[in-house]
Structure formats: C-alpha cells, structure tokens
Amino acid sequence: MSKQTQLRALRPNVGDLLRKPVGSSQMLEVNLQAGELPEGFHVEILEGRLRLTCTSQGIWVNGALNGTVPAECARCLAPLSLHIGVELEELFYYPASSAPNPSSCVIGEEAFLELAQPVWEQLELNVPLRPLCRADCRGLCGQCGKDLNLGDCGCREERIDPRLAVLQQLKKTTAEE
Ligand SMILES: [Zn+2]
Ligand SMILES: [Zn+2]
C-alpha cells in the first residue's frame, strides 16, 4: 500500500456511510508502521480494527488498537518498545455544527474522519510515566554510571534513594548549624 493510502487508514472518508441508514456500520482495518503515520506520532506499529457506525448524530467509532511506542527505561536508560493498548469510543458529530461543545470530535464537510488526534491522545494517556525494562531493573550506579544489571561496579558508597539523599543532606546541614 502506498504511504498515502496507509495514512487514509487514520483518515477514512465516511461520506458513503453517512448516507446509509442509521445503524449501518463498516470495519476499519488499521495496520500502520512508523513512517506511515502522521507527523508527531511516535509509534513504531499501530494495528487493530475499529467499527464505524452511522448514528443520527454522526459516526460512532469503537474498537481497540495496539501500538508499539519507543521509550527508554527510567532507571537504566535502555531503549524499550512499549506495547500500548488503546480503546477508542468516540462519537464524531455530523454536521460539525451539531457538536455540543468545542472539544467534541466532528466531521467536516468533506466527510473525513480524523482519527489521528483521538488515537494519539489515548496512546499518550496509556504510556507509563516511568517505564522500566523489567520490574527489578537495578538502574545505573549514581557514582560511576555503570549499568548495575550487568554486575556490581565496586563503588563503595552505598546507593541511596535520591529522595532520601536530600533528607540526609538536610539532616546534616541542620546538625552543622
Ligand atoms: Zn532498566
Ligand atoms: Zn559505581
């Protein structure tokens, strides 16, 4: 499939569907690789199926997508691929003037369903704030920077939680006064 065709998977034209009776639906297959996705989409793979249903208010979109998002481990900085599931349930109002508020998803006169923004928002919501390469990742030594998953570095100072270190520093300062 050409790049342009692929991009249409997140921007299908629903002009025909809108003319069908309420309750009509069609499936949208999404299978996109990095480089085929809109700019700003930091996703390696995005795939899944969405159902588009014609309602009296517009098009109801529901379904699940799976994305692979590049990230790095919050402790050892190793590159990671995060597998993120996205559930989408969104009503796109048509005509756009019928939308109840400015943040509602709408379908313009050209009848393109602009899925990129809502999909990206859901993906971002599901990306963990501190992804880890594994639950027990030992991280990097605060002294020498060695990856402690590869073995001890021999630094003698015990590793302390940076938050505790601040407390200890505070105590020390208070004691010196
Ligand atoms: Zn790690
Ligand atoms: Zn060290």
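The rules we used
Residues numbered from 1 in each chain as written. Chains lettered and ligands numbered in written order. Predicted model: local features only at pLDDT ≥ 70, side-chain atom pairs only at ≥ 80, totals over all residues. Heavy atoms only, no water. Donors = N, O, S within 2.8 Å, 3.2 Å for Na, K, Ca; no water. Helix = DSSP H or I, 4+ residues; strand = E, 2+ residues; numbered from the N terminus. Buried < 20%, exposed > 50% of the residue type's maximum accessible area, 1.4 Å probe, protein only. Pairing = 2+ DSSP bridges. Contact = heavy atoms within 4.5 Å. Axes fitted to C-alpha atoms, helices over the stretch in contact; angles between N-to-C directions. Tetrahedral: all angles 85-135°; square planar, octahedral: opposite > 155°, others 65-115°. Core = buried A, V, L, I, M, F, W, Y, C linked by side-chain atoms within 4.5 Å.

Undergrad: Can you explain the coordination of the zinc ion (ligand 2)? Please cite residues and give values.
TA: Every protein donor of the zinc ion (ligand 2) is accounted for by Cys 141 (SG), Cys 144 (SG), Cys 153 (SG) and Cys 155 (SG), and the metal-donor separations fall at 2.2 to 2.3 Å. Here the donor residues of the zinc ion (ligand 2) share one chain and are spaced in sequence as C-x2-C-x8-C-x1-C. Of the two residues, Cys 141 is situated in the loop between helix H3 (116-126) and helix H4 (162-176) and Cys 153 in the loop between H3 and H4; the sequence distance between them amounts to 12 residues. We classify Cys 141 as buried; its relative accessible area is 5%. Judged by its relative accessible area of 28%, Cys 153 falls in the partly exposed class.

Undergrad: Give a detailed account of the pairing of strand E4 (residues 79-93), specifying residues and quantitative values.
TA: Pairing analysis gives 15 bridges linking strand E3 (residues 58-72) to E4, with the strands arranged antiparallel. Within E4, the position partnered with Val 61 by the bridge is Glu 90. The hairpin formed by E3 and E4 contains 6 residues between the paired strands, and Leu 77 there has a positive phi angle of roughly 65°. As paired strands, E4 and strand E5 (residues 105-106) are joined by 2 bridges and run parallel to one another. Paired with Tyr 93 across the strands is Val 106, a residue of E5.

Undergrad: Can you explain the sheet that holds E5? Please cite residues and give values.
TA: Spatially, the 5 strands line up as an open sheet ordered E1-E2-E3-E4-E5, and their pairing is mixed. Of all strands in the sheet, those with a lone pairing partner are strand E1 (25-33) and E5, marking the two edges. Lying over the sheet, H3 contacts strand E2 (45-54), E3, E4 and E5, oriented at roughly 135° with respect to E4.

Undergrad: Give me the coordination of the zinc ion (ligand 1): which residues, what numbers.
TA: The protein atoms donating to the zinc ion (ligand 1) are Cys 73 (SG), Cys 76 (SG), Cys 133 (SG) and Cys 137 (SG), with metal-donor distances spanning 2.3 Å. Viewed at the metal, the 4 donor atoms of the zinc ion (ligand 1) are separated by angles of 105 to 114°, and the geometry they form is tetrahedral. The sequence motif formed by the donor residues of the zinc ion (ligand 1) is C-x2-C-x56-C-x3-C. Linking Cys 76 in the loop between E3 and E4 with Cys 137 in the loop between H3 and H4, this pair joins segments that are 61 residues apart in sequence. For the pair shown, Cys 76 and Cys 137 are each scored as buried.

Undergrad: I'd like a description of H3, backed by residues and values.
TA: Here H3 has its buried residues at Pro 118, Val 119, Trp 120 and Leu 123. Residues of H3 that are buried make contact with E2, E3, E4 and E5.

Undergrad: Give me the nonpolar core: which residues, what numbers.
TA: Soluble globular proteins tend to pack their nonpolar side chains together in the buried interior. With 34 residues, the main nonpolar core has Leu 46, Leu 52, Ile 59, Val 61, Leu 113, Leu 115 and Leu 123 as its most contacted residues. Within the residue set of this core, elements represented by two or more residues are E1, E2, E3, E4 and H3. It is E4 that contributes the most residues to this core, 6 residues altogether. Residues in contact with Leu 123, not counting those within four places in the same chain, are Phe 41, Val 43, Leu 46, Gly 67, Val 69, Ile 84 and Val 86.

Undergrad: Account for the pairing of E2, with residues named and values stated.
TA: Inspection of the sheet shows E1 paired to E2 by 9 bridges, in the antiparallel sense. Paired with Glu 29 across the strands is Arg 49, a residue of E2. Both E2 and E3 contribute to a ladder of 10 bridges, which runs antiparallel. In the sheet register, Arg 49 faces E3, and the bridge partner there is Ala 64.

Undergrad: With reference to specific residues and values, describe unusual backbone geometry.
TA: Pro 95 follows Tyr 94 through a cis peptide bond whose omega is -5°. Residue position: Pro 95 is located in the loop between E4 and E5. Its identity is not glycine, yet Leu 77 carries a phi of approximately 65°, on the positive side. For Leu 77, the position within the fold is in the loop between E3 and E4. One non-glycine residue, Ala 111, lies in positive phi territory at about 70°. Within the fold, Ala 111 resides in the loop between E5 and H3. Look at Ala 111 and you get buried, because its relative accessible area is 7%.

Function-wise, these values are silent; they only describe arrangement.
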